[in-house]
Amino acid sequence: MASLSLKHIYKVYDGTTKAVNDFNMEIRDKEFIVFVGPSGCGKSTTLRMIAGLEDISAGELRIDGDIVNDVEPGDRNIAMVFQNYALYPHMTVYENMAFALKTAKVPKDIIHQKVTEAARILGITEYLERKPKALSGGQRQRVALGRAIVRSPKVFLLDEPLSNLDAKLRAAMRAEITRLHERLGTTFIYVTHDQVEAMTMGSRIVVMRGGFVQQIDTPKNLYNHPANLFVAGFIGTPRMNFWPATLRREGNAVHVKLDSGSTLTIDYAILNHVQPRYMDGNHPVIVGVRPDNVIPWRAGMDPAEWARLPVTVTVVEALGGETLVYGHIGVAVPDHDPIGEAAESTQPANSGGKSEAGTPDRITSDTIIIKAPADYEAHRGDVVDAAVSLKKLHLFDRETEASIKPRIPTENVCLCTPEGNALSFAGQRFPLPPALCGVSSPPKRETAPAELSLPADAILLGTGMGRAKVEETELLDADGSPRTLYRLTVGGVTLFALETAPPRYGVGDAVPFDLDFSRIAVESHGIKPLRVENALEGRFTKEKETDDRGRRVYRFYLDMLDQPVSAEESLCEKLFSCKGTAIFRTPLSYRFPPDAVTVTPRQREPDKTALPGRVTRLLDYGRVTYAEIDVGGKTVIAPYDGKAGESRENAAVSLVIDQTKLTVVDREADIVIV
Ligand code: ADP
């Protein structure tokens, strides 16, 4: 058994270089995780922090539930395999493999049994008496793996273990390591800059860039649903075609106007994950389509599925099994060199900067790669017709580079009419809760429709005045906790609802729904979501006190705006393990969501378990009432019931914060510590 939990992990070198920023991941037992990204993106640093070879600057690392930030590498029960094998040249293969066990004083007969078994698994039995220099690269790498296997570690860490091998051997060793993982049934974490290696080996892949995690997903989801332009460009060869464009919706059709001049027309149903604001004809987007989904046009192709684009051919590459045709969209001869650009753009990115494959400054509007059959004939200068699969288009915001056609649409945006005390959208009319009544502007004679942002998990199914029909359900299993995505139609409008539960409605069901009004936004009318996070500045302090038995002991406090609150032991443990005693000198910000706070009327003078506050305003959201509470001059938002009949405004209250829901930020370095 070995699960790993990485929470807010940072690595800061020399107090300034952030090599790894806010790395968060839950790794399940027996997973094969691959960290991939261009060189310098922080893969090795993260792996070395897991191994204990590098200090963790901030954050919490757990193995099987235990915090191991301060545990010595040798006590983590982890084995690491390096790129350069790191074998002892003067020892035989047998001695190399036995070395760690010998040092740990394991009995000789058990060492023998383990070494011979590992040698058998790896097929190196006949080399056991040889010295490393008498082995090939592949054999040495097997010995390095064998040295790790004999220790029966909980976790295998592999840092570019195949990069010193030639291409053929790499492919063979890849398959061998995958088999080894299946056979050992242990958790593997594997670092590589090679996306093909990542895609063929990982059960889940972490794509990193410039010290930041870009996406964590299965190979299939990374390929089919890249979260941003970088991931789209980094995963897959030849690289995805990228074309700057704008989108305009007309009824059931969406016109994708490429900057290079051509227009593709798509059925709106295919793009129903895309927020309507991108379809106004102005918003700059990037269209992405993999060469796999661009093929030569054939007579009789269905125009609802395939768009036809004229292409001027610049280079033809016959690869034996298939032919890659490079060119530019259109029939005019370009004044730039699409051959070089298209060829260059097929290389995966290998630098940490902005000017790498996948970023817009290399997107030149009209280069295209077509994947054609092996016997396809075309020559430089020919004009051919390409067929682009409309169902396989990816779309990205040109400025943020994020996908605007996400696999999981977390936000619905639709038109609505706010009327002071009601909100109408998609043929439904909801009375606004008191907290929002009168917030929106009074109705004008010609009420202009406004844009409503409605998070998918703010649609509450099963209760309420709304009426929806379920069109589709999809079970999403993220990190083992089931979530269900429902595609609904509500008065002819498509909405997505997301629940943290297995599916409980079926296709065709009519389902009532309510809204969590504290999460909606109608920006033009001043309706904003309730703040989701409270933040109080403070420090971490200690006091020498006398316990009940008269002993002098240290007690630890979260000092929030000069109000000491007793720190729970588990939180102290985390803070010390991340920062040591430097925690006492660090300016902090304590952050917590409203539902981490329990508010009670203040019965007695404040003690050190609760923060004293005063209610300044009540916010009645119908299902829940929140209070704005003044705490030392700062406002905290928390759910608040009070007692029936009592005047609750201006009430003196005590706030108890659930410290397991607390995020502690180093204010100076702007780093989440826990
Ligand atoms: P990768 O494994 O993805 O190639 P690394 O994790 O080795 O990248 O490095 C991440 C970043 O941290 C790089 O910018 C690198 O220059 C920097 N870095 C690595 N080690 C040190 C160090 N000892 N001191 C300062 N910077 C370092």
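Engineer: I would appreciate a short explanation of the overall build of the protein in the present structure.
Structural biologist: Across its full length, the protein carries 10 helices and 39 strands. On the principal axes, the C-alpha backbone points of the protein span a range of 85 × 80 × 45 Å. Relative to its full complement of 674 residues, the protein shows a buried share of 50%. Of the contacts formed within the protein by residues at least 6 apart in sequence, a portion of 68% connects residues at least 24 apart.

Engineer: Looking at this structure, I do not really get the domain arrangement of the protein. What am I missing?
Structural biologist: Quite often, the size of an interface is put as the accessible area lost when its parts meet. Structurally, the protein comprises domain 1 (4–230), domain 2 (237–397), domain 3 (411–525) and domain 4 (534–672). One C-alpha centre belongs to domain 1, the other to domain 2, and the line joining them spans 38 Å.

Engineer: Honestly, the packing of aromatic side chains in this entry has me stumped. Any pointers?
Structural biologist: The geometry of an aromatic ring pair is captured by two quantities: the separation of the ring centres and the angle between the planes. Enumeration according to the criterion identifies 18 aromatic pairs in this entry. Ring centres of Phe425 and Phe430 lie 5.9 Å apart, and the angle between their planes is 15°; this geometry places the pair in the stacked category. Neither residue differs from the other here; Phe425 and Phe430 are each classed as buried. Taking 5.9 Å as the distance between ring centres and 80° as the angle between the ring planes, the aromatic pair formed by Tyr621 and Tyr626 counts as edge-to-face. The pair formed by Tyr621 and Tyr626 is uniform in burial state, with each residue classed as buried. Pairwise contacts between aromatic rings join Phe32, Phe156, Phe188 and Tyr190 into one cluster. The side chain of Arg290 reaches across the aromatic face of Tyr223, ending 4.0 Å from its centre.

Engineer: Is there a simple way to explain helix α3 (residues 108–122) in this structure?
Structural biologist: Note that an α-helix has 3.6 residues per turn; residues three or four places apart therefore point the same way. With 15 residues, α3 should reach 21 Å at 1.5 Å per residue; the first-to-last C-alpha distance of 21 Å fits that figure. Residues of α3 that are buried: Ile111, Val115, Ala118, Ala119 and Leu122. The arc that holds the buried residues of α3, viewed along the axis, is 100°, so those residues lie on one side. Counted as exposed and oriented over 90 degrees from the buried face of α3: Asp109 and Gln113.

Engineer: Can you walk me through the nonpolar core in this structure?
Structural biologist: It is characteristic of soluble globular proteins that their nonpolar side chains tend to be buried jointly. Ranked by internal contacts, the top residues of the largest apolar core, which has 45 residues, are Met97, Ile177 and Val207. Those residues in contact with Met97, other than ones at most four positions away along the chain, are Val115, Ala118, Ala119, Ile124, Leu128, Val143, Gly146, Arg147 and Val150.

Engineer: How do you make sense of the site of the ligand when you look at a structure like this?
Structural biologist: Around the ligand, the surrounding shell consists of Tyr13, Ala19, Pro38, Ser39, Gly40, Cys41, Gly42, Lys43, Ser44 and Thr45. Interatomic distance of 3.3 Å between a side-chain N/O atom of Tyr13 and a nitrogen atom of the ligand. A total of 560 Å² of accessible area belongs to the ligand in isolation, and the protein chains cover 58% of it. A total of three residues in the shell around the ligand trace back to one element, the largest contributor, which is helix α1 (residues 43–51). The class makeup of the residues in the shell around the ligand is four nonpolar, five polar and one charged.

Engineer: Teacher, can you tell me more about the sheet that holds strand β29 (residues 534–546) here?
Structural biologist: Pairing within the open sheet is antiparallel, and its six strands lie in the order β31-β30-β29-β32-β38-β39. Looking at the sheet topology across the chains shown, the edges are occupied by β31 (563–566) and β39 (671–672). Looking at chain direction, strand β30 (residues 552–560) and β31 are connected through four bridges and run antiparallel. Directly across from Leu558, in β31, lies its bridge partner Val565.

Engineer: What am I meant to see in the pattern of salt bridges here?
Structural biologist: Proximity of charged atoms lets side chains of opposite charge pair with each other. For the coordinates displayed, the defined rule picks out 29 salt bridges. Between Arg142 and Glu176 there is a salt bridge whose closest N-O contact spans 2.6 Å. Taken together, the positions of Arg142 in helix α4 (residues 137–149) and Glu176 in helix α5 (residues 167–184) put the pair 34 residues apart, joining distant regions of the chain. As far as burial versus exposure is concerned, Arg142 and Glu176 are alike and both buried. A salt bridge links Glu499 to Arg504, with the nearest nitrogen and oxygen atoms 2.8 Å apart. Residue classification places Glu499 among the buried residues on the basis of a relative accessible area of 11%. Note on Arg504: relative accessible area 46%, which makes it partly exposed.

Engineer: Would you explain unusual backbone geometry in this entry?
Structural biologist: Negative phi is the rule for most residues except glycine; trans is the rule for most peptide bonds. In this structure, the amide linkage connecting Thr237 to the following residue, Pro238, adopts the cis form with an omega of -10°. Its place among the elements puts Pro238 in the loop between α8 (229–234) and β11 (241–250). Positioned with a positive phi, Ser152 is a non-glycine residue whose angle comes to about 40°. Here Leu561, not a glycine, exhibits a phi torsion of approximately 50°, which is positive. Tracing the backbone shows Leu561 in the loop between β30 and β31.

Engineer: Would you explain the side chain of His8 in this entry?
Structural biologist: Among the secondary structure elements, His8 is positioned in strand β1 (residues 4–13). There is a polar contact of 2.7 Å between the side chain of His8 and the side chain of Asp22. If we skip the residues at most four places from it in the chain, His8 touches Asp22, Phe23, Asn24, Ala58, Gly59, Val672 and Val674.

Engineer: Can you help me understand the pairing of strand β10 (residues 212–217) in this one?
Structural biologist: Across a regular strand the side chains alternate sides, sitting on one face of the sheet and then on the other. One ladder, built from five bridges, connects strand β9 (residues 204–209) with β10; its direction is antiparallel. Across the sheet, residue Arg209 finds its bridge partner in β10, namely Phe212. Here β9 hands over to β10 after two residues, with Gly210 in that stretch at a positive phi of 55°.

Engineer: Would you take a moment to explain the sheet that holds strand β23 (residues 428–431) for this structure?
Structural biologist: Spatially, the four strands line up as an open sheet ordered β23-β22-β21-β24, and their pairing is antiparallel. The open sheet is flanked by β23 and β24 (450–455), the only strands paired with a single partner. The sheet shows a mean angle of 40° between the axes of neighbouring strands, taken without regard to direction.

Engineer: Any chance you could explain the environment of Val511 here in plain terms?
Structural biologist: If you trace the backbone, Val511 turns up in strand β28 (residues 510–515). Through-space distance from the C-alpha of Val511 to that of Leu461 is 6.7 Å; in sequence the pair is 50 residues apart. Non-local contacts of Val511, meaning those with residues more than four positions away in its chain, are made with Leu461, Gly462, Gly466, Arg467, Ala468, Val470 and Tyr505.

Reading guide: rules and limits
Residues numbered from 1 in each chain as written. Predicted model: local features only at pLDDT ≥ 70, side-chain atom pairs only at ≥ 80, totals over all residues. Heavy atoms only, no water. Helix = DSSP H or I, 4+ residues; strand = E, 2+ residues; numbered from the N terminus. Buried < 20%, exposed > 50% of the residue type's maximum accessible area, 1.4 Å probe, protein only. Contact = heavy atoms within 4.5 Å. Domains from an automatic or database assignment. Phe/Tyr/Trp six-rings, centres within 6.5 Å; stacked < 30°, edge-to-face > 60°. Lys NZ or Arg CZ within 6 Å of the ring centre and 35° of its normal. Expected span 1.5 Å × (residues − 1). Arc of directions from axis to C-beta. Core = buried A, V, L, I, M, F, W, Y, C linked by side-chain atoms within 4.5 Å. Near = heavy atom within 4 Å. Polar contact = N/O pair within 3.5 Å; in protein donor to acceptor, adjacent residues only side chain to side chain. Areas by Shrake-Rupley, 256 points an atom, 1.4 Å probe, with all protein chains shown as cover. Nonpolar A, V, L, I, M, F, W, Y, C, P; charged D, E, K, R; others polar. Pairing = 2+ DSSP bridges. Salt bridge = Lys/Arg side-chain N within 4 Å of Asp/Glu carboxyl O. Axes fitted to C-alpha atoms, helices over the stretch in contact; angles between N-to-C directions.

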